[in-house]
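Now for the letters of each chain:
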Amino acid sequence: MPLTPVARTGRRIALAGAAALTATLALAAPAAAHAEVEADTPQALAQNVTLGFVSEAESDTAGFTQLRIVLPEGIAPGDVTLGEAPEGWKLKATGDGYSVAGPALKAGVDAEHTIKVRQLPDAKEIVFKTVETYSDGKVSRWIELPSGGAEPEQPAPVLKLKAAAAGAKPVGASPSRSESATPTPSATEPESADGGSDTTAEAAQTDDNSSTGVIISVVLAAVALLVAGAWWLVKRRGTPSSQG
């Protein structure tokens, strides 16, 4: 039975709508992967909080080998201990957070790990910028924050916190990195670029200090010579010449 003009028009609209929905889903698929964070006690100034991180796999051909987390203000690297992680993965403190790394996961497998934090800061929300590295060298950066009301393409994981409990106070200062125990790097724990840059910075600072010391010594020696020469010249002019 032939379709009426109204039925044909309705069918075209339905097909066009289905095609548009399929195209939209296809375009959105690559951006569906993201990084997330959650807490067992999402409350400001809460202590001994377990945070769970999930990095969703984007690649069909390579697996995760490392996650690099930048800690928010109020949480020091020494405040963090590793809980659960993929087999063989180790935690290593960095200058502004930590990395957790190990043998490559299978392609398409999400990377999940947990950490325990000494205390959460007194804030409404905290951000954990995350950099993911795959076995083929690809790097995915989930570090963007909303700007001007627009949603970022690769948003950083954000944890919203409830108001601090009545009477809650910040605990004492965290131990410095030199005082806290730092896991020894293993063969499966790749050296992060930050670790190398820290060492380079320290070496450069040492060289700068040495160079500065040499320059100061030379300047002081030159000043001493000038003062001695001026004193000698004044003394000579002030001494009457001998008469024959």
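Quick look at the structure, then. These figures come from a predicted structure and were not determined experimentally. (Residues numbered from 1 in each chain as written. Predicted model: local features only at pLDDT ≥ 70, side-chain atom pairs only at ≥ 80, totals over all residues. Heavy atoms only, no water.)

### A closer look at the nonpolar core
Ranked by internal contacts, the top residues of the largest apolar core, which has 27 residues, are Leu-51, Tyr-98 and Phe-128. Those elements that provide at least two residues to this core are strand E1 (35-39), strand E2 (47-55), strand E3 (64-70), strand E6 (97-101) and strand E7 (111-119). Apart from residues lying up to four places away in sequence, Tyr-98 is in contact with Phe-53, Leu-67, Arg-68, Ile-69, Leu-71, Val-80, Leu-91, Lys-92, Ala-93, His-113 and Ile-115. (Core = buried A, V, L, I, M, F, W, Y, C linked by side-chain atoms within 4.5 Å. Buried < 20%, exposed > 50% of the residue type's maximum accessible area, 1.4 Å probe, protein only. Helix = DSSP H or I, 4+ residues; strand = E, 2+ residues; numbered from the N terminus. Contact = heavy atoms within 4.5 Å.)

### A word on the sheet that holds E1
Within a sheet, neighbouring strands are paired by backbone hydrogen bonds and run either parallel or antiparallel to one another. Across the sheet, four strands lie side by side as E1-E2-E7-E4; this open sheet has antiparallel pairing. Edge positions in the sheet fall to E1 and strand E4 (80-82), since each of these pairs with one other strand and no more. Between one strand axis and the next, the sheet turns by 25 degrees as a mean value, whatever way the strands run. (Pairing = 2+ DSSP bridges. Axes fitted to C-alpha atoms, helices over the stretch in contact; angles between N-to-C directions.)

### Comments concerning the pairing of E1
As a general feature of sheets, a regular strand has side chains that alternate between the two faces. Residues of E1 alternate between two faces, with Ala-35, Val-37 and Ala-39 buried on one and Glu-36 and Glu-38 left unburied on the opposite face. Sheet topology note: the E1/E2 ladder contains five bridges and is antiparallel. The residue bridging Val-37 from the neighbouring strand is Phe-53, located in E2.

### Regarding the environment of Glu-132
Structurally, the position occupied by Glu-132 is in strand E9 (residues 129-134). Since its relative accessible area comes to 0%, Glu-132 is described here as buried. C-alpha separation for the pair Glu-132 and Ser-99, spaced 33 residues apart in sequence, amounts to 9.8 Å. If near-sequence neighbours (up to four positions away) are discounted, Glu-132 is found in contact with Ala-35, Ser-55, Glu-58, Phe-64, Gln-66, Leu-67, Lys-138, Val-139, Ser-140 and Trp-142. Here Ser-55 takes part through its side chain, which lies 2.9 Å from a polar atom of the side chain of Glu-132. Polar side-chain contacts of Glu-132 include one of 3.1 Å to the side chain of Trp-142. (Polar contact = N/O pair within 3.5 Å; in protein donor to acceptor, adjacent residues only side chain to side chain.)

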